[in-house]
Amino acid sequence: MNFEVIGTGHYAPENVVTNDDLAKFLDTSDEWISTRVGVRERRVCTTETTAELAYRASKNALEMAGTNPEELDLILCATISADDASPSLACNLQKLLGAECPAMDLNAACSGFIYMLETAAGFFARGTAKKVLVVGAERMSRLLNWNDRSTCVIFGDGAGAMVLSAGSSYLASKIYAKGNTDVIRIPHPQGMSPFYKNESEEPFVLMNGQETFKFAVNAMTKDVQEVIEKAGLTQEDIAYVIPHQANLRIIDSAKRKLSIPPERFCSNIERYGNTSAASIPILVDELNRDGKFKDNDKLVLCSFGGGLSSAACVLEWKCR
Ligand code: ACO
């Protein structure tokens, strides 16, 4: 026993920032960003907190699932940009929803949402949860150095959510980590202890773009093949691949290395940028609401990011 998805939702802040908007204060251009990364615009918070993004996405998912917050047995949030170090984003979300269940966060950077699906699967396997809310929510805009054109043009803010109920849709999965601080890192502020001697660093995304790119393509290709095999399927059986939206060229490179027909790879990075742990559930919700999924469609979700981490799973979609 694991789970099936009974509702999806997403929310992104209203403020749309185009590449041309960025070019007003950065030495960049729409042409560079759209050809190198695949982003044309992203949503950026003006007043919204990460918890508010998570709340709105969750409300949409709960409404689709016909589930009241009081029915939830567990809230799981994947994030690297919670509003507070404590309470967790999940506890802040629980308060906004008026739910009464256990709630916790997980940091696996962009791979966090699939890590949380894996966590949820464990609760269902033990029979300790009947309804679980899983959320990926990020306010990446507060983790960016807005003077660094090599990182700030890539990311965006948003949240996506799924409501899970007991079922058997989670056919196979893989979660992976290889500790590395050289490729992607976001330092925490060091605080004000008069006794701590290390120099403090700015708490913004540091990224070696080309190394990230190589890790991402390799991880995605390997993980997708592995989970399809674990599920006893072939690449031809896969209806859609829903990859983490980090860079369109990463998705294109992985496409060329796999034998899944290219039109089955989904993307919305053009409109949202890289929303880290939120990118997969935002994309799943858009496709779901567009009526793209048929009953029993096999979907592959895959992600990679800071950690370094990667994750992938195969879901058998159930139409309701
Ligand atoms: N506008 C214009 N020029 C730029 C910009 C910009 N926004 N950013 C960098 N450049 C310049 C560089 O300064 C460099 O100039 P130079 O040749 O004069 O030195 C030139 O463009 C090429 O720079 P590269 O870094 O070699 O560009 P590359 O083609 O590798 O693209 C990018 C950079 C987009 C970051 C790419 O490496 C990439 O997408 N990597 C993966 C990043 C990723 O996936 N991140 C997400 C995972 S992290 C996470 O999810 C938390």
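Residues numbered from 1 in each chain as written. Predicted model: local features only at pLDDT ≥ 70, side-chain atom pairs only at ≥ 80, totals over all residues. Heavy atoms only, no water.

**Student:** Explain the sheet that holds strand 6 (residues 131-139) here, please?
**Tutor:** Sheet strands associate in pairs through backbone hydrogen bonding, adopting either a parallel or an antiparallel arrangement. Reading across from one edge, 1-7-6-4-5 is the order of the 5 strands in this open sheet, with mixed pairing throughout. Strands with a single pairing partner mark the edges of an open sheet, and in this sheet they are strand 1 (2-11) and strand 5 (103-106). If you compare each strand with its neighbour and ignore which way they point, the axes differ by 20° on average. Where strand 6 meets strand 7 (residues 157-167), 9 bridges bridge the pair, whose relative direction is antiparallel. Among the inter-strand pairings, Val132 is bridged to a residue of strand 7, identified as Leu164. Most of the contacts of helix 4 (residues 89-97) go to strand 4 (residues 74-78), to which it runs at about 130°, and overall it touches strand 4, strand 5 and strand 6. Taken strand by strand, helix 5 (residues 112-126) contacts strand 1, strand 4, strand 5, strand 6 and strand 7, and its axis lies near 165° from that of strand 6. (Pairing = 2+ DSSP bridges. Helix = DSSP H or I, 4+ residues; strand = E, 2+ residues; numbered from the N terminus. Axes fitted to C-alpha atoms, helices over the stretch in contact; angles between N-to-C directions. Contact = heavy atoms within 4.5 Å.)

**Student:** What am I meant to see in the environment of Ser81 here?
**Tutor:** In this fold, Ser81 is placed in the loop between strand 4 and helix 4. Sequence separation between Ser81 and Asp157 is 76 residues, and the spatial gap between their C-alpha atoms is 9.9 Å. The residues contacting Ser81, other than those within four sequence positions of it, are Thr50, Ala137, Glu138, Arg139, Met140, Arg142 and Leu143.

**Student:** Would you mind showing me how to read the pattern of salt bridges here?
**Tutor:** A side chain of one charge can pair with a side chain of the opposite charge if their charged atoms are brought near each other. The tally for this structure, following the rule as stated, stands at 17 salt bridges. Glu226 serves as the salt-bridge partner of Lys174, at 3.4 Å between the closest nitrogen and oxygen. Taken together, the residues Lys174 in strand 8 (residues 170-177) and Glu226 in helix 7 (residues 209-230) connect sequence positions 52 residues apart. Judged by relative accessible area, Lys174 falls into the buried class, the value being 12%. Across the pair Asp285 and Arg289 runs a salt bridge, and its minimum N-O distance is 2.7 Å. (Salt bridge = Lys/Arg side-chain N within 4 Å of Asp/Glu carboxyl O. Buried < 20%, exposed > 50% of the residue type's maximum accessible area, 1.4 Å probe, protein only.)

**Student:** How should the domain arrangement of the chain be read in this particular structure?
**Tutor:** The parts lose accessible area when they come together, and the size of an interface is often stated as this lost area. Segmentation of the chain into domains returns domain 1 (2-168) and domain 2 (172-316). Between domain 1 and domain 2, the buried area comes to about 3,600 Å², and carbon and sulfur atoms account for 63% of it. Inspection of the region where domain 1 meets domain 2 yields 1 salt bridge. In this structure, the salt-bridge partner of Arg40 is Glu270, at a minimum N-O distance of 3.3 Å. Where domain 1 packs against domain 2, one counts 22 residue pairs in polar contact (both at pLDDT 80 or more). Contributing elements (two or more residues each) for the side of domain 1 that touches domain 2: strand 1, helix 2 (30-36), strand 3 (41-43), helix 3 (50-65), helix 5, strand 6, helix 6 (149-152) and strand 7. The element contributing the most residues to the side of domain 1 that touches domain 2 is strand 7, with 6 residues. Looking at side-chain class alone, the side of domain 1 that touches domain 2 contains 25 nonpolar, 15 polar and 9 charged residues. (Domains from an automatic or database assignment. Buried area = accessible area lost by both parts, 1.4 Å probe. Polar contact = N/O pair within 3.5 Å; in protein donor to acceptor, adjacent residues only side chain to side chain. Nonpolar A, V, L, I, M, F, W, Y, C, P; charged D, E, K, R; others polar.)

**Student:** I would appreciate a short explanation of helix 3 in the present structure.
**Tutor:** Look at helix 3: 22 Å from first C-alpha to last across 16 residues, which is about the 22 Å you get at 1.5 Å a residue. Residues of helix 3 that are buried: Thr50, Ala51, Leu53, Ala54, Ala57, Ser58, Ala61, Leu62 and Ala65. What you see down the axis of helix 3 is that its buried residues fit within an arc of 155°, all on one side. Residues of helix 3 that are buried sit in contact with strand 1, helix 4, strand 6, strand 7 and helix 10 (279-289). (Expected span 1.5 Å × (residues − 1). Arc of directions from axis to C-beta.)

**Student:** Is there a simple way to explain the site of the ligand in this structure?
**Tutor:** Taken together, 23 residues are adjacent to the ligand, and Thr28, Arg36, Cys110, Gln210 and Asn247 come closest. Within the contact set of the ligand, an oxygen atom lies 2.9 Å away from a side-chain nitrogen or oxygen of Arg149. Calculation on the ligand without its partners gives an accessible area of 1,000 Å², and the protein chains cover 75% of this total. Using a 2 Å cut-off from the grid points, one finds that the ligand occupies the largest pocket. Put simply, the parts of the chain that give the shell around the ligand at least two residues each are helix 2, helix 6, helix 7 and helix 8 (248-257). Looking at the shell around the ligand element by element, the count peaks at 4 residues for helix 7. (Near = heavy atom within 4 Å. Areas by Shrake-Rupley, 256 points an atom, 1.4 Å probe, with all protein chains shown as cover. 1 Å grid on protein atoms, 1.4 Å probe; cavity = no way out; pocket = protein on both sides within 12 Å on 5 of 7 lines; lining within 4 Å. Sits in = over half its atoms within 2 Å of the grid points.)

**Student:** Would you explain the layout of surface pockets in this entry?
**Tutor:** Space inside the largest pocket adds up to approximately 1,300 Å³. Looking at the largest pocket, it is lined by 49 residues, and the ones nearest its centre are Met140, Phe155, Ile184, Ile186 and Val205. Elements that contribute at least two residues to the lining of the largest pocket include exactly helix 2, strand 9 (184-185), helix 7, helix 8 and strand 12 (298-305). Considering every element that reaches the lining of the largest pocket, the biggest residue donor is helix 7, with 4 residues. Of the residues in the lining of the largest pocket, the class split is 24 nonpolar, 18 polar and 7 charged. Both domains that meet at the lining of the largest pocket, namely domain 1 (2-168) and domain 2 (172-316), each give it at least three residues. (Points joined across faces, edges and corners; volume = space filled by probe spheres on them.)

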